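Tertiary structure, described
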Amino acid sequence: MNTALLRIEDLKKYFPIRVGLFGKVVGYIKAVDGVSFNVDAGEVVSLVGESGSGKTTIARCLLLLEKPTSGKILYDSEDITQLRGEKLRNYRRSVQAVFQNPFLSLDPRMNVFQIISEPVKNSMKLSREELLEYVSSLLELVGLDKSFLDKYPHELSGGQAQRVAIARAISLKPKLIILDEPTSALDVSVQAQILNLLADLKKELSLSYLLITHDLSIVKYISDRIIIIYLGKIMETGSSEEIFENPLHPYTRILFSSIPDPYRKFGERVILRGEPPSPVNPPPGCRFHTRCPYAIDICRKQEPPEIKSSLIHKVYCWLHTEKHSSETKT
Ligand code: SF4
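Residues numbered from 1 in each chain as written. Predicted model: local features only at pLDDT ≥ 70, side-chain atom pairs only at ≥ 80, totals over all residues. Heavy atoms only, no water.

1. A closer look at the overall build of the chain
- Counting secondary structure elements, the chain contains ten helices and twelve strands.
- Put simply, the chain has 330 residues, and 50% of those count as buried.
- Of the roughly 16,600 Å² of accessible surface on the chain, a fraction of 51% belongs to carbon and sulfur atoms.
- Taking the average location of the 43 positive side-chain charges in the chain and that of its 39 negative ones, the two points are 6 Å from each other. (Helix = DSSP H or I, 4+ residues; strand = E, 2+ residues; numbered from the N terminus. Buried < 20%, exposed > 50% of the residue type's maximum accessible area, 1.4 Å probe, protein only. Areas by Shrake-Rupley, 256 points an atom, 1.4 Å probe, with all protein chains shown as cover. Lys, Arg positive; Asp, Glu negative; His and termini not counted. Charge placed at Lys NZ, Arg CZ, Asp CG, Glu CD.)

As structure tokens, this is what we get:
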């Protein structure tokens, strides 16, 4: 049985909307609204959805940049919001992040050696020579040589800067790395190289990843499991093979239809109509019903139940309940 490294249980994050001098709360932005999933040791889980789906808010909760409104985030069976002292420091070392734009995450006043050695200096007792050797070995792991040690971020290409950000992320020997759109700011030719590097490092260092992206086409080869999220709720979840071979949710199929061949194999290209509804006042019933080409009456009234297609392939859609499938065919 796999061990859950990270377990998210019914996570909700509502941001209050305040008005007036006294900041009276007049409503809430329901960015994440009851999301549950886990990441097992050594697993790559991809969280896929449009901007505003809540995926980045989940990452920010994991990085302790936001406090959940309710629900639990358990890491190694401990609630991360309750961690203090050494346990909190261990968590921060153990969970690292790589962000979309490496140039925004690297301090322009520091050279590569300073950028990578900064977190190491504070948690490992190394002499200057040992530190230099360690940082050089990290650079080698990410495909850069020692000549990069003295370079500053502005002297690096996008791909090189992302490799430096990855070297920094692995410097404290983490177990889990949150990859927040790690390739979307890079040229298409460089994206594949960075994904291959991440796949190699995962194997070599026994890492787990939570990959956050809007782009289904980048997740196939790196993911073990895929979670499709829309307006703060999970729409479908399954193994990478299941989602790519047999996507069940209309939203997932529309996401597939918007990416280039060879992944686009589910009929004609379908353009997603309109903008997602406001998370301040999400639609009743199925959250996707205002944009779904297959919506039926019940979709507008009742939230769809969880339908299991396999042990791990689950979809939340009325089309897949026996009771209502005949209604949709008429
Ligand atoms: Fe579309 Fe209804 Fe399924 Fe929602 S539940 S995705 S509205 S068919």
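2. Quick notes on the environment of glutamine 100
- If you trace the backbone, glutamine 100 turns up in the loop between β6 (95-98) and α3 (102-105).
- With relative accessibility at 38%, the residue glutamine 100 sits in the partly exposed group.
- Residues glutamine 100 and threonine 183, spaced 83 residues apart in sequence, show a C-alpha to C-alpha distance of 6.4 Å.
- Residues within four places of glutamine 100 in sequence aside, it is in contact with Gln162, Asp180, Glu181, Pro182, Ser184 and Ala185.
- Separated by 3.2 Å, the side chains of glutamine 100 and serine 184 make a polar contact. (Contact = heavy atoms within 4.5 Å. Polar contact = N/O pair within 3.5 Å; in protein donor to acceptor, adjacent residues only side chain to side chain.)

3. Focus on the pattern of salt bridges
- On inspection of all chains with the given rule, the structure shows 14 salt bridges.
- In this structure, aspartate 76 and lysine 175 form a salt bridge, with 3.1 Å as the shortest nitrogen-oxygen distance. In this pair, aspartate 76 sits in the loop between β4 (70-75) and β5 (78-79) while lysine 175 sits in the loop between α6 (158-170) and β7 (176-180), placing the two residues 99 residues apart along the sequence.
- The partly exposed category is assigned to aspartate 76, whose relative accessible area is 39%.
- What you see here is one network of salt bridges that share partners, running through Glu86, Arg89 and Arg93. (Salt bridge = Lys/Arg side-chain N within 4 Å of Asp/Glu carboxyl O.)

4. Details of the site of the ligand
- Inspection of the region around the ligand gives His249, Pro250, Cys286, Phe288, His289, Cys292, Tyr294, Ala295, Cys299, Cys317, Trp318 and Leu319 as its neighbouring residues.
- When grouped by side-chain class, the residues that make up the shell around the ligand number ten nonpolar, two polar and no charged. (Near = heavy atom within 4 Å. Nonpolar A, V, L, I, M, F, W, Y, C, P; charged D, E, K, R; others polar.)

5. A word on the sheet that holds β4
- Read across the sheet, four strands follow the order β2-β1-β4-β5 without closing on themselves; strand pairing throughout is antiparallel. One side of each edge strand has no neighbouring strand; the edge strands of this open sheet are β2 (24-40) and β5.
- Inspection of the sheet shows strand β1 (residues 4-19) paired to β2 by 13 bridges, in the antiparallel sense. Opposite leucine 6, over in β2, you have valine 39 as the bridge partner.
- Against the sheet, helix α1 (residues 55-62) contacts β1, β2 and β4, and its axis sits at roughly 110° relative to β1. (Pairing = 2+ DSSP bridges. Axes fitted to C-alpha atoms, helices over the stretch in contact; angles between N-to-C directions.)

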